[in-house]
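# Architecture at a glance
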Amino acid sequence: MQKMTDVSTGRSAGKFPANFVLRGDIAYSKSPEELSCREGAFLVCREGVCGGVFPRLPAEYSPFPLYDYRGKLIIPGLTDLHIHASQFGFRGLGMDMELLDWLEKRAFPEEAKFHDGGYARRAYGLFVEALRRGPGARFCVFATIHTEATLILQDLLEESGLVSMTGKLSMDRNCPEALREKSAAGALKNAEEWLDLSEKRNYRNTRPILTPRFIPSCSDELLYSLGKLAQDRGLPVQSHLSENRREIAWVRELCPGASHYAGAYRDFGLFGGEAPAIMAHCVWPEDEELALIKERGVFIAHCPQSNANVASGIAPVRRLLNLGIAVGLGTDVAGGIHSSIFRAMGDAIQASKLRKVLGPAAEGSPSGGAEEDYRPLGLEEAFWMGSAGGGALFNAGSFEEGREFDALVLDDGDLAAPFPLSVRERLERAVYLSEDRHIIGKWVRGRPLFMIMPENRFENTGE
Ligand code: GUN
Ligand code: FE
């Protein structure tokens, strides 16, 4: 193995070239069914954008500096479509409750602490450092209702070099006093003020996203006014959809006129249209909800670990894929314990097998769906969801020419087997077994967050 030197990173990344080539064992998704795996191939970055993957380096790229990671895996940075930054501190605790009790007893009391900027800075510092070191490049992040704390989080994310859509939560009902915005009009004003303050920061990588927590936490008036704001200004929206049966029954009571949960969001103007919408979960969708999700191009964040932990169920992901719905993965920390999308990929595969074993019983209906809708997911689909599928929201997550350039170099040498492994097998191993320490280089939008520099970085070895 070639000798490596840690030359570090982050803030010194200003000196890193805008055009460069990485060489190594490259794997990425071309579609939900197809992985491209190539040994010793060349990956081109031009001004933060992928220039393509080549078995031999085309002559036009030979002047670019080449970083030779032969023997290492190179894959796209991953995308987490749903994570609660404010819940990172208590992950792995309180895992003995269902969703609504867990929210009341665990999530809300922790989130209330973020009125204190000092607490927020400490908690969000830990969160952002964990994300920086992990396999994720792009994130859809829930903060809390607090403007100051959310701006602290946005500043830290921006400084890290990661790309995110980060949202101050909106909540004006069914939550403790400390987390309740005092009126719908007040909550709208808070959201607008926060948007103005975000805009003044001139972030490059940190985009604000409207975040009504979910229908039970927001009055009709608030949902309607946020929907209008989203449509008028073309702002993205994120929330929770059809996660847990008790929650869905509650939404039915709260919105008696809506055709279903997704229909309620649509009626409020919060379900796609002028700007993207990302909805977490979709564990118990009705057929018509699925048609609406497809029609509106809404992204679904599949969060298998959270769905198990807070006893929500097993989402029909194969069915969503068969329908051509845009699905990515979410960790949903702290409903989910682990903040790595590698882990979410493995969990998605396992959950899909349980769903097959349970068959129609998993739907709670004796008739069930077509057999094809129960076919378990494989590595191809899971890796696609966690990279190119979710990454499509940001035009990233793949090495197809034209996508924004996010890459990870994994030194998987200590995951070796006593027999030869193909690049695809090494990728499969990495999904299940790799840890942050295996990541020896990470680039987002073409900038290195950290890297171990190969010795022969400027020696262009293309034949
Ligand atoms: N629904 C509303 N809020 C939350 C939350 O914080 N986590 C999860 N998993 N579901 C929610
Ligand atoms: Fe969530």
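Just so it is clear, the model here is predicted, and its values are computed rather than measured. (Residues numbered from 1 in each chain as written. Chains lettered and ligands numbered in written order. Predicted model: local features only at pLDDT ≥ 70, side-chain atom pairs only at ≥ 80, totals over all residues. Heavy atoms only, no water.)

### What to know about the overall build of the protein chain
Across its full length, the protein chain holds 13 helices and 18 strands. In terms of overall size, the protein chain behaves like a compact globule, its C-alpha atoms giving a radius of gyration of 22 Å where 463 residues would be expected to give roughly 23 Å. Principal-axis analysis of the C-alpha atoms gives the protein chain an extent of 65 × 55 × 40 Å. Relative to its full complement of 463 residues, the protein chain shows a buried share of 60%. As presented, the protein chain carries roughly 17,900 Å² of accessible surface, and 50% of it is formed by carbon and sulfur atoms. Both charge centroids of the protein chain, one from 53 positive and one from 63 negative side chains, sit 3 Å from each other. (Helix = DSSP H or I, 4+ residues; strand = E, 2+ residues; numbered from the N terminus. Rg over C-alpha atoms; globule rule 2.2 N^0.38 Å. Buried < 20%, exposed > 50% of the residue type's maximum accessible area, 1.4 Å probe, protein only. Areas by Shrake-Rupley, 256 points an atom, 1.4 Å probe, with all protein chains shown as cover. Lys, Arg positive; Asp, Glu negative; His and termini not counted. Charge placed at Lys NZ, Arg CZ, Asp CG, Glu CD.)

### A few points about the packing of aromatic side chains
Scanning all chains against the criterion turns up 17 aromatic pairs. With a centroid separation of 4.9 Å and 40° between ring planes, the pair formed by Phe114 and Tyr124 is classed as tilted. Residue Phe114 is located in the loop between helix H1 (99-112) and helix H2 (117-133), and its partner Tyr124 is located in helix H2; the two are separated by 10 residues in the primary sequence. An aromatic cluster is built from Phe16, Phe20, Tyr28, Tyr67, Tyr69, Phe399, Phe405 and Trp443, whose rings are joined through pairwise contacts. Positioned above the aromatic ring of Phe88 is the side chain of Arg91, whose terminal nitrogen or guanidinium carbon lies 3.8 Å from the ring centre. A cation over a ring is seen here: Arg133 above Phe450, with NZ or CZ 4.3 Å from the ring centre. (Phe/Tyr/Trp six-rings, centres within 6.5 Å; stacked < 30°, edge-to-face > 60°. Lys NZ or Arg CZ within 6 Å of the ring centre and 35° of its normal.)

### Topic: the pairing of strand E17 (residues 439-444)
For E17, a buried count of six out of six residues is recorded, marking the element as mostly surrounded by other parts of the structure. Pairing between strand E16 (residues 407-410) and E17: four bridges, direction antiparallel. Within the sheet, the bridge partner assigned to Val409 lies in E17 and is Gly441. Of the pairings in the sheet, the one linking E17 to strand E18 (residues 447-454) comprises four bridges and is antiparallel in character. Each residue of the ladder has a partner; that of Val444, found in E18, is Arg447. (Pairing = 2+ DSSP bridges.)

### Some details on the side chain of Ser340
Checked against the element boundaries, Ser340 lands in the loop between strand E15 (327-329) and helix H11 (341-358). Judged by its relative accessible area of 18%, Ser340 falls in the buried class. With near-sequence residues (within four places) excluded, Ser340 lies in contact with Pro135 and Thr331. (Contact = heavy atoms within 4.5 Å.)

### Thoughts on the site of ligand 1
All residues in the neighbourhood of ligand 1 are listed as His84, Gln87, Leu99, Trp102, Leu103, Arg213, Phe214, His240, Glu243, His281, Ser306 and Asp332. A distance of 2.9 Å is found between an oxygen atom of ligand 1 and a side-chain nitrogen or oxygen belonging to Gln87. Relative to its free-state accessible area of 280 Å², ligand 1 is covered by the protein chains to the extent of 100%. In this structure, ligand 1 is accommodated by the largest cavity. Grouping the amino acids of the shell around ligand 1 by side-chain chemistry returns four nonpolar, five polar and three charged. (Near = heavy atom within 4 Å. Polar contact = N/O pair within 3.5 Å; in protein donor to acceptor, adjacent residues only side chain to side chain. 1 Å grid on protein atoms, 1.4 Å probe; cavity = no way out; pocket = protein on both sides within 12 Å on 5 of 7 lines; lining within 4 Å. Sits in = over half its atoms within 2 Å of the grid points. Nonpolar A, V, L, I, M, F, W, Y, C, P; charged D, E, K, R; others polar.)

### Observations concerning the pattern of salt bridges
Under the defined criterion, the tally for this structure stands at 26 salt bridges. Among the ionic pairs, Asp347 bridges to Arg343, the shortest N-O distance being 3.2 Å. Of this pair, Asp347 and Arg343 both sit in helix H11, separated by four residues, roughly a single helical turn. Of the residues examined, Arg343 reaches a relative accessible area of 38% and is grouped as partly exposed. By sharing partners, the salt bridges in this structure join Arg138, Glu404, Asp406 and Arg445 into a single network. (Salt bridge = Lys/Arg side-chain N within 4 Å of Asp/Glu carboxyl O.)

### Regarding empty space enclosed by the protein
Tallying each qualifying case throughout the model produces three cavities of 30 Å³ or more. A volume near 110 Å³ is recorded for the largest cavity. At three residues, the largest contribution of residues to the lining of the largest cavity is made by H1. Looking at the lining of the largest cavity, its residues break down into five nonpolar, six polar and three charged. (Points joined across faces, edges and corners; volume = space filled by probe spheres on them.)

### Digging into helix H12 (residues 379-391)
Because the α-helix completes a turn every 3.6 residues, residues three or four places apart line up on one side. The end-to-end C-alpha distance of H12 is 17 Å, a good match for the 18 Å that 13 residues give at a rise of 1.5 Å each. The principal kink in H12, of about 50°, is found at Met385. Across the 13 residues that make up H12, a large majority, 13, are buried. (Expected span 1.5 Å × (residues − 1). Bend = angle between axes of the 7 residues up to and from the residue.)

### Concerning unusual backbone geometry
Residue Ala334 is reached from Val333 by a cis peptide bond, and omega for that bond is 10°. Its place among the elements puts Ala334 in the loop between E15 and H11. At Ser242, a residue that is not glycine, the phi angle is positive and equals roughly 45°. By the secondary structure assignment, Ser242 is in the loop between strand E12 (237-241) and helix H6 (245-254). Since its relative accessible area comes to 0%, Ser242 is described here as buried. The phi dihedral of Ala311 is positive, around 55°, even though this residue is not glycine. Note on placement: Ala311 falls in the loop between helix H9 (304-309) and helix H10 (317-322).

### Regarding the sheet that holds strand E8 (residues 163-167)
On the basis of which strands lie adjacent, the open sheet formed by four strands has the order E6-E7-E8-E10 and parallel pairing. Among the strands making up the open sheet, the edge pair consists of strand E6 (78-84) and strand E10 (206-208). The average angle at which neighbouring strand axes cross in this sheet is 20°, direction not considered. By the bridge criterion, five bridges tie strand E7 (residues 136-142) to E8 in an arrangement that is parallel. The residue of E8 that forms the bridge with Phe142 is Gly167. (Axes fitted to C-alpha atoms, helices over the stretch in contact; angles between N-to-C directions.)

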